[in-house]
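# Chains, contacts and geometry: an overview
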Amino acid sequence: MALRKVKGNLERMFDKNLTDLVRGIRNNKDNETKFIAQCIEEIKLELRQENISVKANAVAKLTYLQMMGYDVSWACFNVIEVMSSTKFTYKRIGYLAASQTFHPDTEVLMLTTNMVRKDLNSQSQYEAGLALSGLSCFISPDLARDLANDIMTLLSSTRPYLRKKAVLMMYKVFLRFPEALRPAFPRLKEKLEDPDSGVQSAAVNVVCELARKNPKNYLSLAPVFFKLMTTSTNNWMLIKIIKLFGALTPLEPRLGKKLIEPLTNLIHSTSAMSLLYECINTVIAVLISISSGMPNHSTSIQLCVQKLRILIEDSDQNLKYLGLLAMSKILKTHPKSVQSHKDLILQCLDDKDESIRLRALDLLYGMVSKKNLMEIVKKLMIHMDKAEGTSYRDELLSKIIEICSQNNYQHITNFEWYVSVLVELTRMEGTKHGPLVANQLLDVAIRVAAIRAFVVAQMALLLDNSHFITGFSQRASMCEVLFAAAWICGEFSEFLTDPKATLEALLRARVSTLPGHIQAVYVQNIMKLYGRILTSSGSDASMDEDMVAKAAVEEVSEMVAARLPSFVESSELEVQERASCALQLVKFVQKQLTKGQAAGLGAEIVSLFDGELNPVAPKAQKKVQVPEGLDLDEWINEPPPSESSDSEPEVQRPSLFATGNAENAYVESYQSSKPAELTQEEVQRNREARQQEQACNPNYLKGGGKLESKSGMFDVAEVPVAQLDLPVALKIPGLASSDHYLQKQKQTSSKKKVSTKKKKKSKKHKESSDEEELAAPLHVVNTDVGEMPEGATLSDGMDDDNNDLNDPHRALDVNLDEPLRAEETLPVRSHREAVKFEVTGEKKAKKKSSKKEEKVKKSKKQPIMMDLLQNGEHTNAPTEEPSNDFWLDHAEYEAMPDTSQSKLQVEENEKPKKKSSSKTKEKSKEKKKKKEKKVINEDSLVSSLAVEAPTFVPDLKQTMSNKDKNVLIVS
Amino acid sequence: MIKAILVFNNHGKPRLSKFYQYFNEDMQQQIIKETFQLVSKRDDNVCNFLEGGSLIGGSDYKLIYRHYATLYFVFCVDSSESELGILDLIQVFVETLDKCFENVCELDLIFHVDKVHYILNELVMGGMVLETNMSEILTRIEEQNKLEKLEAGITAAPARAVSAVKNMNLSQQIKDIKLPDLPQAIKDLKF
């Protein structure tokens, strides 16, 4: 035996240790993988040896290889072996390996329960600390359940080092085993007032993490934290507390008011930037939560903004970044105080640091007004030309659109300018926001009736020069704009100056390289334009006689009929279908033309595309009610059995396309079923039916009636708006003039100079009236814009969606949430439960352990239980009662000095409510909040509370006695 | 919460990786690679915060890093951590390393990654900050090292001797032996 040991020792000398491994890897850079494979083989051999030091060495090497990206989970048994070594050195190696390679789903973790427990209870604080550190990385639900009690015991260890680690460990236990939170919480709370500041800090840390997810359960701790905040000098802890308060204030405005003073003191006194910054952040949170009322807070805002300005002006980029970040929070509620620092923020746009520029961009959103929008967008466009990275450019593009389109284009006074900006944006290379630009174009064209003529002209130009957009493959996403262009030109074809040229542009051969959905839109709009040309070239009635017009129409028909087949050959089914349908229609028209019966055909084709399209709210679809008797989950056809699913469609297909290849089949089937007239009739019939249905359906935007009136409105509105639009256009587009549209602006340039001079003069005298002038005529456009979404939002439930969003996020938090509430009402039962749990857990783990041991354990546990019970009893009181005082204290300072009596009443009323049930507590709190906002008068508040009070009167005595107890305990 | 702590050099070679949330090895490597790409293209005079990093976390997460000579120290944290606080923590970490290794350099991290882990364990535990006071951290580390030394005692002597011999790195030392520059010596000889 001894011999073997000596032999082992000798062999060990020539094993590679970690240093050798690292050196070897560095020396074998060319064939690293081969070398490592060889090393792993060696390690496997070493792991088979009995000598623990050899194993530890091997495991240490594996830990290194793990960092290099090698999966070493095959060695987990050996890791456990090393962990269980009695030597601290090896144990350390083992725990390190475990913390790097194990995770909660590792199966061997079941085997570690007892070993870890032994280590936790070790005499050496470093062994226990090691176990805690390791466990924090790989704790599984089972381990958490089985070891919760041991970790709880460590919370009251005599060594601060262990208490500190145990406190942090408890958070991990809560995450994996939420049931532990309730019984452990009183202990955790004690640790907030631990004599050791490290333990205190750890406890604060844990409570912060818990409270971040569901703050309302931790409101009762506010007084404790408040005391800590005003007494502690540990910056790290202060930051955490202040962050925590930031999370709590939205729930309890009174807390916020109380916080302002100490926070401003800290802001003035601290030299630590990190603390200063967090103070500002929390003050902002407070100000947001109590944004209404309290006039004297403007000073706090001023202070924050002032300090933030100092941060932003600092040469340290980090402070600059954080300053901007905090600014954006203020912006939401107090835009005006931020707007005065516009210069600074625009300056940050030029910063060399991308993160800072992005932050500044965020702020710009709130900085724009009707006056400076063009200027700012111009600046952004220049930045966009200079921007090197595509991601930043994309960000700029989306920001420009976001800024311009906010609140239904609130800040846009001149839509011609906006459209030209959008058109300029289409020239950006390699952006992914093509669809965004396209959507904006569509949206503006649809919503702003007055601008349509201009948009159509621009879009026709775009279509004509589509090769600029599709020219480079890297601009792929920008071709989406053609989708919008084609649709706008087709839909509003009455504004086209030369429909034939546009039609030609749509029919170009190059088009076939576009994505399918764009081609499909092309086909559709070719037909719209075709119909338009038919109607416009000579009145329909005279067409048969007027030979010139007839020749022109025939020519166009010829062209369309000649070019459409290239669409029919498209690989996209959608395009094929639409194109062949369109082709037949054109052929039919041609036939009628030769027969001389084309009168009125144009009008009929146009009527195919009749009807106004209105913007639809994004959630409108969701709001459509499912008709009675329609089960959306029901199969329309029974699903085919999965095995034969592959073969069946193949059998069916031939019957659909009986003759020849697919394309011919299409053409033939269309030819056989008299195409044009029938479809037209059908379409009309369907449309009528649909319109009737829509009229009856309350969920539709009332189409019929309103539409007529609206189109009437348009007719009236169009003329004057167009006229009003022009003078504005003369004033401003020069600022954001695009190279493409220089021609247009040249016409107006001479007038513009005059107008800008005027502007300068008027600016000095009456700035406000200037703005009104700008705004007044364009309100017509704006209301146009605003109407549709309003109608849509009426039928919309914004809240529904928010709830949907929140549900999955909050699902996790609820688990932690519930036990605590229960603890407040049933502290005793919960502890028993928990202890039971722990005992059963113990039983599981220690199957072999004798009854004696268990008895010992139980007897050990009893004092703890007692301890807990006691805690449970009086924690209930101290947390609630001081909190009352805490709040009231404040109510006094905030409002009325003369309400000592009513204050008492409040105190009495509040307590029973909190006792009786948590739900009512919340409710009444909410009510109270509302009332407080509305009525600042303390008396009326009290009286309103008094109305609620009677039901809780019986509990009053209890709480009073509780309070007495409390006093006893405290004294 | 701190989600991950990564240390890598200017070429993206990992020198320390500590994940406080489970990712498999491939994912870990990918995260290191992605983080390196994000961090390395930034100038030294820009701010030390980075949003994004699609692999780890989400919008709530930030990368906070510092660049020291050849090494990047990157902490991935969520919004409950103070940005400037974490920067200070990185500073504490590096200063502690400096104290423990005496003028720490990349080589120390390469060859003693285990020790770096032990030091880190005294700063951060399970993604939460354990201690920020450097002297406290140092005493804890020293006490644990003492424990190891006590255990090592005589039994580990042979192994240490061997490793000492290995560390001498004879072949390299032979190379390093400087012989007088012969041609120069010859030139110096004047007849």
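Read on for a plain summary of the structure.

Here is what the cut-offs are and how they apply
Residues numbered from 1 in each chain as written. Chains lettered and ligands numbered in written order. Predicted model: local features only at pLDDT ≥ 70, side-chain atom pairs only at ≥ 80, totals over all residues. Heavy atoms only, no water. Helix = DSSP H or I, 4+ residues; strand = E, 2+ residues; numbered from the N terminus. Buried < 20%, exposed > 50% of the residue type's maximum accessible area, 1.4 Å probe, protein only. Contact = heavy atoms within 4.5 Å. Areas by Shrake-Rupley, 256 points an atom, 1.4 Å probe, with all protein chains shown as cover. Pairing = 2+ DSSP bridges. Axes fitted to C-alpha atoms, helices over the stretch in contact; angles between N-to-C directions. Patch = residues over 30% accessible without salt bridge, like charges linked within 9 Å, V, L, I, M, F, W, Y side chains within 5 Å. Salt bridge = Lys/Arg side-chain N within 4 Å of Asp/Glu carboxyl O. Lys, Arg positive; Asp, Glu negative; His and termini not counted. Charge placed at Lys NZ, Arg CZ, Asp CG, Glu CD. Phe/Tyr/Trp six-rings, centres within 6.5 Å; stacked < 30°, edge-to-face > 60°. Lys NZ or Arg CZ within 6 Å of the ring centre and 35° of its normal. Left-handed = near helix turned anticlockwise from the far one by under 90°. Nonpolar A, V, L, I, M, F, W, Y, C, P; charged D, E, K, R; others polar. Buried area = accessible area lost by both parts, 1.4 Å probe. Parallel < 35°, antiparallel > 145°, perpendicular 65-115°, else oblique. Expected span 1.5 Å × (residues − 1). Bend = angle between axes of the 7 residues up to and from the residue. Polar contact = N/O pair within 3.5 Å; in protein donor to acceptor, adjacent residues only side chain to side chain.

### Let's talk about the overall build of chain B
When helices and strands are counted, chain B shows eight helices and seven strands. Burial statistics for chain B: of 191 residues in total, 49% are counted as buried. Within chain B, counting contacts between residues at least 6 apart in sequence, those at least 24 apart form 51% of the total. For chain B, the computed accessible surface area is about 9600 Å², with 56% contributed by carbon and sulfur atoms.

### Considering the overall build of chain A
Broken down by element type, chain A carries 47 helices and zero strands. When burial is assessed residue by residue, chain A has 50% of its 971 residues classed as buried. Summarising the internal contacts of chain A: among those between residues at least 6 apart in sequence, 72% fall at separations of at least 24. Carbon and sulfur atoms make up 54% of the accessible area of chain A, which totals about 47900 Å².

### So, the sheet that holds strand E5 (residues 71–77) of chain B
Residues and elements named next belong to chain B. Overall, antiparallel pairing links the five strands, which are arranged E2-E1-E5-E4-E3 in an open sheet. Sheet topology places strand E2 (14–19) and strand E3 (49–51) at the edges, where each strand pairs with a single neighbour. Taking each pair of neighbouring strands and ignoring which way they run, the sheet shows an average axis angle of 20°. By the bridge criterion, three bridges tie E3 to strand E4 (residues 62–68) in an arrangement that is antiparallel. Within the sheet, the bridge partner assigned to Glu-51 lies in E4 and is Lys-62.

### As for a negative patch on the surface
All names here are of chain A. Negative charge collects at one region of the surface, where Asp-631, Asp-633, Glu-634 and Glu-638 lie side by side. Structurally, Asp-631 is set in the loop between helix H34 (620–623) and helix H35 (647–656). Given the relative accessible area of 40%, Asp-631 is considered partly exposed.

### Quick look at the packing of aromatic side chains
In this structure the tally under the stated criterion is 15 aromatic pairs over all chains. Relative to Tyr218(A), the ring of Phe185(A) has its centre 5.6 Å away and its plane inclined at 65°; by these criteria the two rings are edge-to-face. Of the two residues, Phe185(A) sits in helix H11 (residues 181–191) while Tyr218(A) sits in the loop between helix H12 (197–213) and helix H13 (222–231), which places them 33 residues apart along the sequence. For Phe185(A), a relative accessible area of 4% gives the class buried. Taken together, a centroid distance of 5.8 Å and an interplanar angle of 70° make the contact between Phe19(B) and Phe23(B) edge-to-face. In this structure, Phe19(B) and Phe23(B) share a single accessibility class: buried. Taken together, the ring pairs in this structure connect Tyr409(A), Phe415(A), Trp417(A) and Tyr418(A) into an aromatic cluster. Stacked on the ring of Phe226(A), the Lys or Arg Lys258(A) has its end atom at 5.4 Å from the ring centre.

### Re a nonpolar patch on the surface
Taken together, the side chains of Phe77(A), Met110(A) and Leu111(A) define a hydrophobic patch exposed on the protein surface, amounting to about 360 Å² of accessible area. Mapping Met110(A) onto the fold places it in the loop between helix H6 (88–101) and helix H7 (113–120).

### Considering the packing of helix H8 (residues 125–138) of chain A against helix H9 (residues 141–155) of chain A
Residue and element names in this part refer to chain A. Direction vectors running N to C along H8 and H9 enclose 145°, while the axes themselves pass 13 Å from each other. Of the two possible hands of crossing, H8 and H9 adopt the one that is left-handed. Across the interface between the two elements, Leu-132, Leu-135 and Phe-138 from H8 touch Leu-143, Leu-147, Ile-151 and Leu-154 from H9. Across the contact of H8 with H9, the residue classes break down as seven nonpolar, no polar and no charged.

### Examining the environment of Gln28(B)
Position of Gln28(B) among the secondary structure elements: in helix H1 (residues 25–40). Classification of Gln28(B) by relative accessible area gives buried; the value is 6%. Sequence separation between Gln28(B) and Ser17(B) is 11 residues; the distance between their C-alpha atoms is 8.4 Å. If we skip the residues at most four places from it in the chain, Gln28(B) touches Gln66(A), Phe19(B) and Phe23(B).

### Quick look at the pairing of E5(B)
Residue and element names in this part refer to chain B. Along E5, seven of the seven residues are buried, which leaves the element largely enclosed by surrounding structure. Residues Leu-71, Phe-73, Phe-75 and Val-77 line one face of E5 and the alternating positions Tyr-72, Val-74 and Cys-76 line the opposite face, and both faces are buried. The sheet contact formed by strand E1 (residues 2–9) and E5 spans seven bridges and is antiparallel. In the strand pairing of E5, Asn-9 is matched with Leu-71. Bridging between E4 and E5 involves seven bridges; their strand directions are antiparallel. When the sheet's bridge partners are listed, Lys-62 is paired in E5 with Val-77. Linkage of E4 to E5, two consecutive antiparallel strands, is achieved through a turn of two residues, within which Ala-69 is found at a positive phi near 45°.

### Considerations on the interface of chain A and chain B
In this complex, chain A contributes 66 residues to the contact, which on the side of chain B involves 65 residues. Carbon and sulfur atoms make up 54% of the surface buried where chain A meets chain B, a total of about 6100 Å² over both sides. Three residues stand out in chain A for area buried against chain B, namely Met67(A), Arg92(A) and Trp236(A), and they jointly supply 13% of the buried area on that side. Between the two partners, chain A and chain B, sit seven salt bridges. Two residues, Lys240(A) and Glu81(B), come together in a salt bridge whose shortest N-O distance is 3.3 Å. Its residues assigned to classes, the side of chain A that touches chain B shows 27 nonpolar, 18 polar and 21 charged.

### Details of the packing of helix H26 (residues 452–464) of chain A against helix H29 (residues 499–506) of chain A
Each pair of packed helices can be described by the angle between their axes along with the distance between the axes. All names here are of chain A. Running from amino to carboxyl end, H26 crosses H29 at an angle of 40°, the nearest separation of the two axes being 9 Å. The pairing of H26 with H29 is recorded here as oblique in orientation. Here H26 runs over H29; the crossing is left-handed. For the pair H26 and H29, the contacting residues are Ala-460, Leu-463 and Asp-464 in the first and Thr-502, Ala-505 and Leu-506 in the second. Tallied by class, the residues present in the contact of H26 with H29 amount to four nonpolar, one polar and one charged.

### Topic: helix H15 (residues 253–269) of chain A
Residue and element names in this part refer to chain A. Between the first and last C-alpha of H15 there are 25 Å, a value that for 17 residues agrees with the 24 Å anticipated at 1.5 Å per step. The axis of H15 is deflected most strongly, by about 35°, at Ile-260, and proline Pro-262 appears within four residues downstream. With 13 of its 17 residues buried, H15 lies for the most part within the structure.

### Focus: H11(A)
Taken across its 11 residues, H11(A) has 10 buried, putting it largely inside the fold. Inspection of H11(A) places Leu181(A), Arg182(A), Pro183(A), Ala184(A), Phe185(A), Pro186(A), Arg187(A), Leu188(A), Lys189(A) and Lys191(A) among the buried residues, and these make up the whole buried set.

### Structural notes on the side chain of Thr63(A)
All names here are of chain A. Positionally, Thr-63 belongs in helix H4 (residues 52–67). On the basis of relative accessibility, which here comes to 9%, the residue Thr-63 falls in the buried class. At 2.9 Å, the side chain of Thr-63 forms a polar contact with the backbone oxygen of Val-59.

### Let's talk about unusual backbone geometry
All names here are of chain B. The residue Ala-69 is not glycine, and still its phi comes out positive at about 45°. If you trace the backbone, Ala-69 turns up in the loop between E4 and E5. The backbone phi angle of Glu-102 is positive, close to 55°, even though this residue is not glycine. With respect to the secondary-structure elements, Glu-102 resides in the loop between helix H2 (83–101) and helix H3 (106–111).

### Focus on the pattern of salt bridges
Residues and elements named next belong to chain A. A complete count under the given rule lists 34 salt bridges over all chains for this structure. Asp-146 serves as the salt-bridge partner of Arg-145, at 3.3 Å between the closest nitrogen and oxygen. The class for Arg-145 is buried, based on a relative accessible area of 14%. A single salt-bridge network, built from bridges that share partners, covers Arg-359, Asp-362, Glu-395, Lys-399 and Glu-402.

### Considering the environment of Leu188(A)
All names here are of chain A. With respect to the helices, strands and loops of the structure, Leu-188 is situated in helix H11. Its relative accessible area of 1% is what places Leu-188 among the buried residues. For Leu-188 and Val-167, which are 21 residues apart along the polypeptide, the C-alpha to C-alpha distance reads 7.1 Å. Apart from the residues within four sequence positions on either side, Leu-188 is in contact with Val-167, Phe-174, Ala-203, Val-206, Val-207 and Leu-210.

### A word on the environment of Met384(A)
All names here are of chain A. Here Met-384 shows up in helix H22 (residues 373–386). You can call Met-384 buried: its relative accessible area is 1%. With residues near it in sequence (within four places) discarded, Met-384 still touches Arg-393, Leu-396, Leu-397, Ile-400, Leu-425 and Met-428.

That's the geometry; what it means functionally is another story.
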